[in-house]
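The lines below spell out each chain.
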Amino acid sequence: MLTPIDIETAEFKKVALGYAPDAVDEFLNKVIEEFEVLYKENTFLREKLKNTEETIKHYKSMEDSIKSSILLAEKASSAAKTNAAEQAENIIKAAQAKADEKIVEAANEKAKLESAITQLKSRYAMLTSGIRGLINDELEYLNNSEELLNDMTADEAEIAAAKEKQHKTPEKQYVKSGVKQLNIK
């Protein structure tokens with residue numbers, strides 16, 4: 001490539017009837033000045049182009065790295081979503097199984113309580129029937145005893161007390177113990 005120094009140091013042979021040397025020198029000086037400005041500008045632009053190309057290369061490298069990072073992030077995000085969905089599904093299944101188990105336990109407990117209530121009602125009916133019979137027997141006995149007391153002597157009263165002890169049958173004792181079990185007073 002031609003440089004301003006090449007133009008400045010160039011020598012030409014002198015020939016007859018050639019161009020006027022002063023005019024040629026003056027023109028060459030202008031060409032040198034203009035060429036020097038253009039040469040410096042060209043050098044500056046080449047350096048700038050080189051720097052710009054290096055910057056572009058750096059940014060392309062960064063772009064590739066960013067694209068790779070984005071792909072990895074997308075894969076990780078997709079995997080995390082899939083994992084979270086699976087975990088959520090497992091949690092829901094476990095909760096549903098536990099809820100079903102609790103429902104079965106509650107149904108069993110309800111059945112046990114209903115059975116116990118039925119047994120208690122049956123026992124209550126049996127005890128109230130026994131108590132009513134006992135009360136009726138005692139009332140009848142009291143009515144009979146009142147008539148006897150009016151007619152009896154001291155010896156006869158002792159005999160009547162002994163009979164009263166015998167009058168308490170095992171059935172009446174069972175009713176009394178059932179009353180105690182139900183805490184009925």
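The structure displayed is predicted, hence computed values, not measured ones.

Trainee: An account of the packing of aromatic side chains is requested, with residue identities and associated values reported.
Mentor: Counted by the stated rule, this structure contains one aromatic pair. Between Phe-35 and Tyr-39, the aromatic rings sit 6.4 Å apart at their centres with planes inclined by 25°, giving stacked as the arrangement. Highlighted residues: Phe-35 and Tyr-39, both in helix H2 (residues 21–151), separated by four residues, approximately one helical turn. Classification of Phe-35 as partly exposed rests on a relative accessible area of 23%. Taking relative accessible area as the criterion, Tyr-39 reaches 29% and is therefore assigned partly exposed.

Trainee: So what about the side chain of Thr-128? Which residues, and what values?
Mentor: Take Thr-128: it is sitting in helix H2. Residue Thr-128 is classed as buried on the basis of its relative accessible area of 19%. A polar contact of 2.7 Å, which involves the side chain of Thr-128, links it to the backbone oxygen of Tyr-124.

Trainee: Help me get a handle on the pattern of salt bridges, residues and values and all.
Mentor: Applying the stated criterion across every chain yields a total of four salt bridges. One salt bridge in this structure joins Lys-93 and Glu-89, with 3.3 Å as the shortest N-O distance. Residue Lys-93 and its partner Glu-89 are both found in helix H2; the two are separated by four residues, about one turn of the helix. With a closest N to O distance of 3.8 Å, Glu-114 and Lys-110 form a salt bridge. Taken together, the residues Glu-114 and Lys-110, both in helix H2 and four residues apart, mark about one turn of the helix. Look at Glu-114 and you get partly exposed, because its relative accessible area is 42%.

Trainee: Can you break down the layout of surface pockets residue by residue, with the values?
Mentor: What the largest pocket holds in volume is close to 420 Å³. Lining the largest pocket are 16 residues, and of these Phe-12, Lys-14, Pro-21, Val-24 and Asp-25 lie nearest its centre. Counting residues per element, the lining of the largest pocket draws most heavily on H2, at six residues. Along the lines of polarity and charge, the residues of the lining of the largest pocket split into nine nonpolar, two polar and five charged.

Trainee: Got a sec to walk through the confidence of the model for the protein? Specific residues and values, please.
Mentor: Averaged over every residue, the pLDDT of the protein is 83; residues scoring 70 or more account for 83%. Ranking the elements of the protein by mean pLDDT puts helix H4 (residues 170–181) last with 54 and H2 first with 90.

Rules of the game
Residues numbered from 1 in each chain as written. Predicted model: local features only at pLDDT ≥ 70, side-chain atom pairs only at ≥ 80, totals over all residues. Heavy atoms only, no water. Phe/Tyr/Trp six-rings, centres within 6.5 Å; stacked < 30°, edge-to-face > 60°. Helix = DSSP H or I, 4+ residues; strand = E, 2+ residues; numbered from the N terminus. Buried < 20%, exposed > 50% of the residue type's maximum accessible area, 1.4 Å probe, protein only. Polar contact = N/O pair within 3.5 Å; in protein donor to acceptor, adjacent residues only side chain to side chain. Salt bridge = Lys/Arg side-chain N within 4 Å of Asp/Glu carboxyl O. 1 Å grid on protein atoms, 1.4 Å probe; cavity = no way out; pocket = protein on both sides within 12 Å on 5 of 7 lines; lining within 4 Å. Points joined across faces, edges and corners; volume = space filled by probe spheres on them. Nonpolar A, V, L, I, M, F, W, Y, C, P; charged D, E, K, R; others polar. pLDDT = per-residue confidence, 0-100.

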